[in-house]
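# Working through the structure, step by step
So you can see what is in the structure, the chains are spelled out below.
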Amino acid sequence: MSATNAIQSSNDFVIKFANVNGSGSASANELFARAIMRMGVPVAPRNIFPSNIQGMPTWYEMRVSAEGWLGRRGGCDLMVAMNPQTWDRDIAEIEPGGYLVYDSTKSLPRSRFREDITVLGIPLTEICNREYTDARQRQLFKNIMYVGALTALLDMDFASVEKLIADQYRGKDKLIGANVNALKLGYDHAKANLSCPIGLRVERANGVGDKIFVNGNDACGLGAVYGGATVAAWYPITPSTSVIEAFSSYCRKFRTDPDNGMARYAVVQAEDELASIGMVIGASWNGARAFTATSGPGISLMQEFFGLAYFAEVPAVIFDVQRGGPSTGMPTRTQQSDLISCAYASHGDTKHVLLFPEDPYECFTLGAQAFDLADRLQTPVFVLLDLDIGMNDRLCQPFDWDDQRRYDRGKVMSADELEAGKNFGRYLDVDGDGIPWRTIPGTHPTKGAFFSRGTTRNAYAKYSEAGTDYVYNMERLRRKFETAKKLVPAPVLSRASQPTRFGAIYYGSTSAAMAEASVLLEAQGIHVDTLRVRGFPFADEIIDFINEHDHVFVVEQNESGQLRMLLMTEGEVDPKRLIRVLHYDGTPITARFISGRIANALSEHKVTPIRKQVAS
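Residues numbered from 1 in each chain as written. Predicted model: local features only at pLDDT ≥ 70, side-chain atom pairs only at ≥ 80, totals over all residues. Heavy atoms only, no water.

### With respect to helix α19 (residues 562–571)
Listed as buried for α19 are Gln562, Leu563, Arg564, Leu566, Leu567 and Gly571. Once α19 finishes, glutamate 572 follows within two positions and takes phi at roughly 50 degrees, a positive value. (Buried < 20%, exposed > 50% of the residue type's maximum accessible area, 1.4 Å probe, protein only. Helix = DSSP H or I, 4+ residues; strand = E, 2+ residues; numbered from the N terminus.)

### Concerning the pattern of salt bridges
Evaluation of the coordinates by the stated rule reveals 43 salt bridges. A salt bridge links glutamate 482 to lysine 485, with the nearest nitrogen and oxygen atoms 3.4 Å apart. One end of the pair, glutamate 482, and the other, lysine 485, are both in helix α16 (residues 467–485), three residues apart, so they sit about a helical turn from each other. Given the relative accessible area of 39%, glutamate 482 is considered partly exposed. (Salt bridge = Lys/Arg side-chain N within 4 Å of Asp/Glu carboxyl O.)

### Focus on the pairing of strand β10 (residues 231–234)
The alternating pattern of β10 places Val231 and Ala233 on one face and Ala232 and Trp234 on the opposite face, and all of these are buried. When β10 meets strand β11 (residues 266–269), the two strands line up parallel, connected through four bridges. Considered in β11, the bridge of alanine 233 is made with valine 268. With helix α8 (residues 241–254) bridging β10 and the parallel β11, this β-α-β connection has right-handed handedness. Judged from the two bridges that link them, β10 and strand β12 (residues 290–294) form a sheet pairing that is parallel. (Pairing = 2+ DSSP bridges. Right-handed = clockwise from strand over helix to strand, strands pointing away.)

### Section: the nonpolar core
In a soluble, globular protein the nonpolar side chains are often hidden away together inside. Formed by 61 residues in total, the largest nonpolar core has its most connected members in Phe32, Met62, Leu78 and Leu150. Top element by residues in this core is helix α4 (residues 135–153). It accounts for nine residues. Look past the residues within four positions of methionine 62 in its chain and what remains in contact with it is Phe13, Val14, Ile15, Phe17, Asn29, Phe32, Ala33, Ile36, Val43, Ala44 and Pro45. One finds Ala290, Ala312, Phe481 and Ile542 within the second-largest nonpolar core, a separate group that totals 47 residues. (Core = buried A, V, L, I, M, F, W, Y, C linked by side-chain atoms within 4.5 Å. Contact = heavy atoms within 4.5 Å.)

### Regarding the environment of leucine 487
Along the chain, the position of leucine 487 falls in the loop between α16 and β17 (492–494). Those residues in contact with leucine 487, other than ones at most four positions away along the chain, are Gln369, Leu373, Arg376 and Leu377.

### Quick look at the sheet that holds strand β19 (residues 529–533)
Pairing is mixed in the open sheet, where five strands are placed in the order β17-β19-β18-β21-β22. Every interior strand has two partners, whereas the edge strands, β17 and β22 (578–582), have only one. Adjacent strand axes in the sheet meet at a mean angle of 20 degrees when their direction is disregarded. Here four bridges tie strand β18 (residues 502–507) to strand β21 (residues 551–556), and the two strands are oriented parallel to one another. Note on β21: the bridge partner recorded for phenylalanine 502 is histidine 551. Packed on one face of the sheet, helix α20 (residues 591–604) meets β18, β21 and β22 and runs near 145 degrees to β22. (Axes fitted to C-alpha atoms, helices over the stretch in contact; angles between N-to-C directions.)

### Things to note about the packing of helix α3 (residues 124–131) against α4
Contact geometry for α3 and α4: axes closest at 10 Å, N-to-C directions at 125 degrees. Classified by the interaxial angle, the pair formed by α3 and α4 is oblique. Helix-helix and strand crossings are classified by hand; for α3 and α4 the assignment is right-handed. Two secondary-structure elements touch here, α3 through Leu124, Thr125, Ile127, Cys128 and Asn129 and α4 through Arg138, Phe141, Lys142, Met145 and Tyr146. When grouped by side-chain class, the residues that make up the contact of α3 with α4 number six nonpolar, two polar and two charged. (Parallel < 35°, antiparallel > 145°, perpendicular 65-115°, else oblique. Left-handed = near helix turned anticlockwise from the far one by under 90°. Nonpolar A, V, L, I, M, F, W, Y, C, P; charged D, E, K, R; others polar.)

### Digging into the pairing of strand β3 (residues 43–48)
With five of six residues buried, β3 lies mostly within the body of the structure. Pairing of β3 with strand β4 (residues 57–65) involves six bridges; the strand directions are antiparallel. Residue pairing across strands places isoleucine 48 opposite tryptophan 59, the latter belonging to β4.

### Some points on the sheet that holds β3
Adjacent strands of a sheet pair through backbone hydrogen bonds, lying either parallel or antiparallel. Taken in spatial order, the six strands of this open sheet run β3-β4-β2-β5-β6-β7, and their pairing is mixed. Every other strand in the sheet has two partners, leaving β3 and β7 (118–122) as the edge strands with one partner each. The sheet shows a mean angle of 15 degrees between the axes of neighbouring strands, taken without regard to direction. On the sheet, α4 packs against β2 (12–20), β5 (76–81), β6 (94–103) and β7 and is oriented at approximately 160 degrees with respect to β2.

See the structure below:
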């Protein structure tokens, strides 16, 4: 069955695989994504998986874009439907004129299909049952077989895919031969029985260049190593676990003594999240650079220790890979839902430093920078990524590092300075920036700080419940937060092609979709200045940006508009000027969603798009 107006597109389409979790499809789907990249065409894959071990629906969505768009577009041009449970919803998602590839071993009535799509049936189960006797082999090679069929349908270079399999299983010749055979079975069947190629094609290009393909969690783990971390304490929680796994792997490579094989690092799996942050604070107090990685539920459990680190002024770094909430919520879905809980973590008047990386490159750079900021400010620093960045491989620029860079340990007093009688008050503000001097315990045999407390004290760390001492400390902490404004990464401004009264503010993983949404809006004659926030406390430029526009759209992936709340509270911004653009179904936000919401909102405000005049 063929659609009359089938989609015709080269290097610009969305393909989606609908599978069953635990069927071994993930490796085959990733193999297919890497094969397209080998042909020089940028891809942006996303794995949408359930929180159980196996048996439930899972999807692998892949954006193929010669333009290099890495955000979700929305919709699907080619669906590989391998899960009967989700058949109807998968078919409904295909764009008019799109394509459906399915296992046609069991015939289906015409009513199960759509008239406006091209249907491509391949008897995968029948072929597997004929070729293989082992049940597990039948399942695994069925996945490789549909990769082979897609290679033919999209007019891809078979030799390139074959070589990729050889590279992946180098040293395991039996696996290479078996997988190549399955690949060829699918390829040959498609060539012999289907019209190849279809309207969607992959043509060789040079759009990948020197970009690397990596996920944010691995980048955070490497960033922690380069940032000088030697201690990690954690409790496993989706989707942050692989941050610690990556850190451990890189430490084995870079922090193992080459002479005696001894580890120069410590990774401790604690009994729970509360214990893990306690270990981090203890290690940091003693001079190590230490961190933990967690998600929303872990943030909830760590609250009291966050308050201790804030008030005792102990450095710590927390990688929060956000997921859906509240409670257990959607543990394998993405959201930006922890801003408020992290910004004001703990009870009382606490405010924490937050960093918002947009991709794996910034997970590495901001992840490393977080340790300098924590030491400089003597406070916890939260790096807020999310599942979309953390667990999905993404193309990004290669990581770079200045070998001349030196760690910023902040105001740490030496033994010589203490011995010389330099005035040391652990909580004394001598520079006017709110940051006191500290010592590492044991720096001097008798002088400096050896203990800390979470209760009120005076500037010399002596116990005090005097209101004046408490007020002094709170005002000094407020000054320190003002100092942090100048130290967190600056926002990134992008001006529209024409002057406009409208702006948009966004952050984190929303960045990729927002970049494309701006182009879609410009095509409609809608001009919007954009500003990407990279840190909290908010730099003055962020409030200035809001004040220079009549209305500002705040684009984020949570239900309550948490960035908007922070802007209203911290920037004292009129709520009427900030228009919510909220996406929170657990899937990554799309360019179509952002542009559609902004266009609709401007229509309600009766703003007429500016159309460019074309000479007749």
